[in-house]
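# Understanding the architecture of this molecule
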Amino acid sequence: MNAQHAGSNNVSLDLTTDGFTLTYKQRVILRHSDKVPCLWIGAGTADIEMFRGNFSIKDLLREKITLKNITVTAKNNGWVIRFTRADDINATLFISTDQQGRLELRVKNDSPSYNRIWLRLAAQPDDHIYGGGEQFSYFDLRGKPFPLWTSEQGIGRNKKHHITWLADCHENAGGDYYWTFYPQPTFVSTQKYYCHIDNTCYMNFDFSAPDYHELAFWEDNATLRFECADTYIELLEKLTALLGRQQELPDWVYDGVTLGIQGGTDVCQQKLDLMRSSGVKVNGIWAQDWSGCRMTSFGKRVMWNWSWDHERYPQLDKRIQQWDQQGIKFLSYINPYVASDKNLCKEAAERGFLTKDANNLDYHVEFGEFYAGVIDLTNPEAYDWYKGVIKKNLIELGCAGWMADFGEYLPTDTFLYNGVSAEIMHNAWPVLWAKCNYEALQETDKLGEVLFFMRAGYTGSQKYSTMMWAGDQNVDWSLDDGLASVIPAALSLAMSGHGLHHSDIGGYTTLYGMKRSKELLMRWCEFSAFTPMMRTHEGNRPADNWQFDGDSETIAHFARMTSIFTTLKPYIKDAVSQNALRGLPVMRPLFIHYEDDPHTYTLKYQYLFGRDLLVAPVYEEGRSSWTVYLPEDDWISIWTGERFAGGEITVSTPIGKPPVFYRKQSEWCVLFASLRQINS
């Protein structure tokens, strides 16, 4: 064996007669030999069909070729490895380290006729894998393939369930376990390294095999970055240093719940007065129909013409000012598409700001009984124009925030100003949309004062999205698409470098007989009190759902949980500050702080809220007790003061008192203990 070492001594390439082993900081990254190759190339044509943000994706693969023969050339900062099968079938792997000591692998097909790459990274059978963006069904990704493509998350998201079957029959909208608004080609291994891929093409990360991870790229090149650390905390610090970190949240976010209300100025005022007079802490009103309403068979939809609807919301500008003086913010809604039958789309079309079809005509997407044009965010003039719409129609009106919805609907057969294939730009699209919103705040000096929250994302959302929300969960108890699914979604996103996450209290999607129950709304509310932001949503069919003002008991519940949330304000602010400064997520998997406890690596429905609170939301109907796992430490029940040393325990969990524990050693003990006095 001939061992060769890079200058930093962190990377070694050990050559054998028919292959090599690449090691980075004592972790084996690649193994290659005639019998166990690590690289394939191929040729294929993507067959991608979109219907209302749901994608059917197939690869018309013509050829897949194993590259076994290698030639290694040493360079100043690494090696160049040429993989061949014949003179015209080859690829090159460039191995180097950057100035921060990260390992960089760049692989490139050398033949223009090949546009697929499969690379197998070395693995150990007992590895756990986390990340992949926002994953709702699984937190540990080991044992399954995960295609990475931003799309609707799907309804039900479990092919064995009746709701998913109904949605598939209706419009291929049922989804599967890997469907997500926010995929990301980043994963963290329990070998304490991260791997991040720079590309935006369609990818499939398959973690099924015991001794390798197979990464597939629908492109002729890929760039992979690796970094290691001694602890997960340090690893997340390094990952977020690479990807970027979120801003701290505006102070008003911690002052109560943001009430999702529709129906007009007077309706907002009436509901606000009712909730406040009943002791509910309210920080704002989120009126997504501020620009108007369109009724469809799906339910109540927003009018996609991003300007104030004076008829529906009379005197809104004056009322926003009055509310602001009372500490109540007004939040609205926008997305990167404009309704084809409205004036904003007409203006965009006249200026040439919409994406095009194959005949160079404006491309219009069907969004569910109406069409909309796609603002071409790759066109600098269109980008600036749309940023101006945000500045004038939202910020100047006085909006303190908005839902920056969608971003995952870019069709792959549209044509863009920058000339890049829409297939390659598809995953990058929500990041462009986030950047547009971010710069609108930046250029009006509103960063840190105004908040926008997004569901769609990809690499780069860390730098630009000021807050994520979990998208459109069902108004039910399902594991894959109900209340429970929000927890692994937050933890997966945390391990992908985005540490600010919340969800619609009560869920959103109301179809196929689903109706939000009072119990579900109350359980979701108590969970949300232990997240960075509390916000309600009426759902797409409000009349079918139990709402926050459904009865006096529900209102009293919101009063108590918002009091708990606001009491925790200094603690939550500190956790958010740690996320901004160090990249430590607000909602954290337990193993971040309990690395030596093997059971913590299997938990996906519990989390640490900051360093010192352990939260285990109740996500099943009709439960009055709940079993929780506590890692070894000195834990105190936040509701009873009872002490626990660790292990599996079962506790009483009446509505309003979900399993929450704090560390006895915490500097916040006095604050936590004070929660027992709130309407106890």
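Residues numbered from 1 in each chain as written. Predicted model: local features only at pLDDT ≥ 70, side-chain atom pairs only at ≥ 80, totals over all residues. Heavy atoms only, no water.

### Looking at unusual backbone geometry
Here is the rule: Each helix corresponds to a stretch of at least 4 residues labelled H or I by DSSP, and each strand to a stretch of at least 2 residues labelled E; elements are numbered beginning at the N terminus.
One non-glycine residue, lysine 25, adopts positive backbone phi at about 50°. Of note, lysine 25 is situated in the loop between strand S3 (20-24) and strand S4 (27-32). Even without a glycine there, the phi angle at lysine 192 is positive, about 65°. Inspection of the secondary structure puts lysine 192 in the loop between strand S14 (183-189) and strand S15 (193-197).

### Observations regarding helix H13 (residues 569-582)
Under the convention used in this document: One less than the residue count of a helix, multiplied by 1.5 Å, gives the span that helix is expected to have. Working definition: with a 1.4 Å probe on protein chains only, accessible area under 20% of the residue-type maximum means buried, over 50% means exposed, and in between means partly exposed. Whether two residues are in contact is decided by their heavy atoms: any pair within 4.5 Å suffices.
Taking 1.5 Å as the rise per residue, H13 with 14 residues should run 20 Å; its terminal C-alpha atoms sit 20 Å apart, in good agreement. By the burial criterion, the buried members of H13 are Lys569, Tyr571, Ile572, Ala575, Val576, Ser577, Asn579 and Ala580. Residues of H13 that are buried in the fold lie against helix H12 (552-567), strand S33 (607-609), strand S34 (613-615) and helix H14 (669-674). Glycine 583 sits one or two residues past H13 and shows a positive phi near 80°.

### Some words on the confidence of the model for the protein chain
Put simply, the rule reads: Residue-level confidence of the predictor is what pLDDT reports, using numbers from 0 through 100.
Summing up the model confidence of the protein chain, the mean pLDDT is 96 and the portion of residues at 70 or higher is 99%. Looking at the elements of the protein chain, mean pLDDT is at its lowest for strand S1 (residues 2-5), recorded as 49, and at its highest for S33, recorded as 99.

### Details of the nonpolar core
The nonpolar side chains of a soluble globular protein tend to be buried with one another. Going by this rule: We call a set of buried Ala, Val, Leu, Ile, Met, Phe, Trp, Tyr and Cys residues a nonpolar core when their side-chain atoms join them within 4.5 Å.
Within the largest apolar cluster, 225 residues are counted, with the highest numbers of intra-cluster contacts made by Phe217, Leu224, Trp304, Trp402 and Phe530. Setting aside anything within four residues of it in sequence, one finds phenylalanine 217 in contact with Asn115, Arg116, Ile117, Leu119, Ile197, Cys201, Tyr202, Met203, Phe205, Ala222 and Leu224. Core analysis: the second largest hydrophobic core is formed by five residues, Phe55, Trp149, Tyr202 and Trp218 among them.

### As for the pairing of strand S19 (residues 257-260)
The condition that has to hold: At least two DSSP bridges between two strands are needed for those strands to be called paired. Handedness of a crossover: with both strands directed away from the viewer, a clockwise path from the first strand across the helix to the second marks it as right-handed.
Burial along S19 is two-sided: the face carrying Val257 and Leu259 and the face carrying Thr258 and Gly260 are both buried. Pairing geometry for S19 and strand S20 (residues 282-286), over four bridges, is parallel. Considered in S20, the bridge of glycine 260 is made with tryptophan 286. You can see the chain leave S19, run along helix H3 (residues 265-277) and come back into S20, and the turn it takes is right-handed.

### Some points on the pairing of strand S39 (residues 660-663)
What you see with S39 is no split at all: Val660 and Tyr662 on one side and Phe661 and Arg663 on the other are buried throughout. With three bridges connecting them, S34 and S39 associate as antiparallel partners. Residue pairing across strands places valine 615 opposite valine 660, the latter belonging to S39. As judged from the three bridges shared by strand S36 (residues 635-637) and S39, these two strands associate in the antiparallel manner. Looking across to S39, one finds that isoleucine 636 is bridged to tyrosine 662.

### Let's talk about the packing of H12 against H13
This is how it is decided: A fitted line through C-alpha atoms serves as each axis, taken over the contacting stretch for helices, and the angle formed by two N-to-C directions is quoted from 0 to 180°. Each angle gets one of four labels, with under 35 degrees taken as roughly parallel, over 145 as roughly antiparallel, 65 to 115 as roughly perpendicular, and the rest as oblique. Note that Gly is not counted as nonpolar here; it falls among the polar residues with everything else outside the nonpolar set of Ala, Val, Leu, Ile, Met, Phe, Trp, Tyr, Cys and Pro and the charged set of Asp, Glu, Lys and Arg.
The interhelical angle for the contact between H12 and H13, taken along N-to-C directions, is 55°, at an axis separation of 5 Å. On the basis of the axis angle, H12 is oblique to H13. Contacts from Phe565, Thr566 and Thr567 in H12 reach Lys569, Pro570 and Ile572 in H13. Its residues assigned to classes, the contact of H12 with H13 shows three nonpolar, two polar and one charged.

### Digging into the UniProt feature "domain: Glycosyl hydrolase family 31 C-terminal" (unreviewed entry) in the protein chain
Put simply, the rule reads: UniProt positions are given in the numbering used here, feature names are shortened, and annotations may be inferred rather than shown by experiment.
Feature annotation in UniProt places "domain: Glycosyl hydrolase family 31 C-terminal" (unreviewed entry) on residues 583-665, given in this structure's numbering. Helix makes up 0% of residues 583-665 and strand 35%. Its end C-alpha atoms lie 23 Å apart.

### Thoughts on the pattern of salt bridges
Cut-off, in case you're wondering: Every case where a carboxyl oxygen of Asp or Glu lies within 4 Å of a side-chain nitrogen of Lys or Arg is listed as a salt bridge.
On inspection of all chains with the given rule, the structure shows 42 salt bridges. When the shortest N-O distance is used, the salt bridge between aspartate 251 and lysine 569 registers 2.8 Å. In this pair, aspartate 251 sits in the loop between helix H2 (232-243) and S19 while lysine 569 sits in helix H13, placing the two residues 318 residues apart along the sequence. Salt bridges sharing partners connect three or more residues here, namely Asp384, Lys387, Lys391, Lys435, Glu439 and Glu443.

### Let's talk about the UniProt feature "domain: Glycoside hydrolase family 31 N-terminal" (unreviewed entry) in the protein chain
Per the UniProt record, the feature "domain: Glycoside hydrolase family 31 N-terminal" (unreviewed entry) sits at residues 76-152. Helix makes up 0% of residues 76-152 and strand 53%. Its end C-alpha atoms lie 46 Å apart.

### Quick look at H3
Which entries qualify depends on this criterion: Directions from the helix axis toward the C-beta atoms define the arc.
Taking 1.5 Å of rise per residue, 13 residues should cover 18 Å, and H3 covers 18 Å from first to last C-alpha, within 8% of that figure. Among the residues making up H3, those that are buried are Thr265, Cys268, Gln269, Leu272 and Met275. Take H3 and look down its axis: the buried residues cluster within an arc of 140°, on one side only. More than 90 degrees from the buried face of H3, the exposed residues found are Gln270 and Ser277. Packed against the buried residues of H3 are S19, S20, helix H4 (316-325) and H12.

### Description of the sheet that holds strand S26 (residues 371-374)
In spatial order, the strands read S24-S26-S25; together these three strands make up an open sheet with antiparallel pairing. Every other strand in the sheet has two partners, leaving strand S24 (337-339) and strand S25 (364-366) as the edge strands with one partner each. The mean angle between the axes of side-by-side strands here comes to 40°, regardless of whether they run parallel or antiparallel.

### Remarks on the packing of aromatic side chains
Put simply, the rule reads: Paired rings are identified among Phe, Tyr and Trp, the last through its six-membered ring, by centres lying within 6.5 Å, and are further divided according to the angle between planes into stacked (under 30 degrees), edge-to-face (over 60) and tilted (the rest).
On inspection of all chains with the given rule, the structure shows 53 aromatic pairs. With a centroid separation of 6.3 Å and an interplanar angle of 70°, the aromatic rings of phenylalanine 20 and phenylalanine 83 are classed as edge-to-face. Taken together, the residues span a long stretch of sequence, with phenylalanine 20 in strand S3 and phenylalanine 83 in strand S8 (residues 78-86) at a distance of 63 residues. Relative accessible area serves as the criterion here: at 1%, phenylalanine 20 is assigned to the buried category. By relative accessible area, phenylalanine 83 is classed as buried at 1%.

### What about the side chain of arginine 516?
Convention followed: Think of it this way: Lys and Arg go in the positive column, Asp and Glu in the negative one, and His and the chain ends go nowhere. Here a polar contact is taken to be a pair of N or O atoms separated by no more than 3.5 Å, where protein atoms must pair a possible hydrogen donor with a possible acceptor and residues adjacent in sequence count only if both atoms sit in side chains.
Residue placement: arginine 516 occurs in the loop between strand S30 (501-502) and helix H11 (518-528). Of the side chains with opposite charge, aspartate 504 lies nearest to the buried arginine 516, which makes no salt bridge, at 7.2 Å. Side-chain polar atoms of arginine 516 contact the backbone oxygen of glycine 506, separated by 3.0 Å. A polar atom in the side chain of arginine 516 sits 2.7 Å from the backbone oxygen of histidine 537. Setting aside residues up to four positions removed in sequence, arginine 516 forms contacts with Val475, Ile505, Gly506, Gly507, Leu521, His537, Glu538, Gly539, Asp544, Asn545, Trp546 and Gln547.

### Structural notes on the sheet that holds strand S27 (residues 401-404)
Spatially, six strands are ordered S28-S27-S23-S20-S19-S31 in an open sheet, and the strand pairing comes out parallel. Only two strands of the sheet have a single neighbouring strand rather than two, namely strand S28 (451-453) and strand S31 (534-535). Pairing geometry for strand S23 (residues 329-334) and S27, over four bridges, is parallel. Paired with tyrosine 333 across the strands is methionine 403, a residue of S27.

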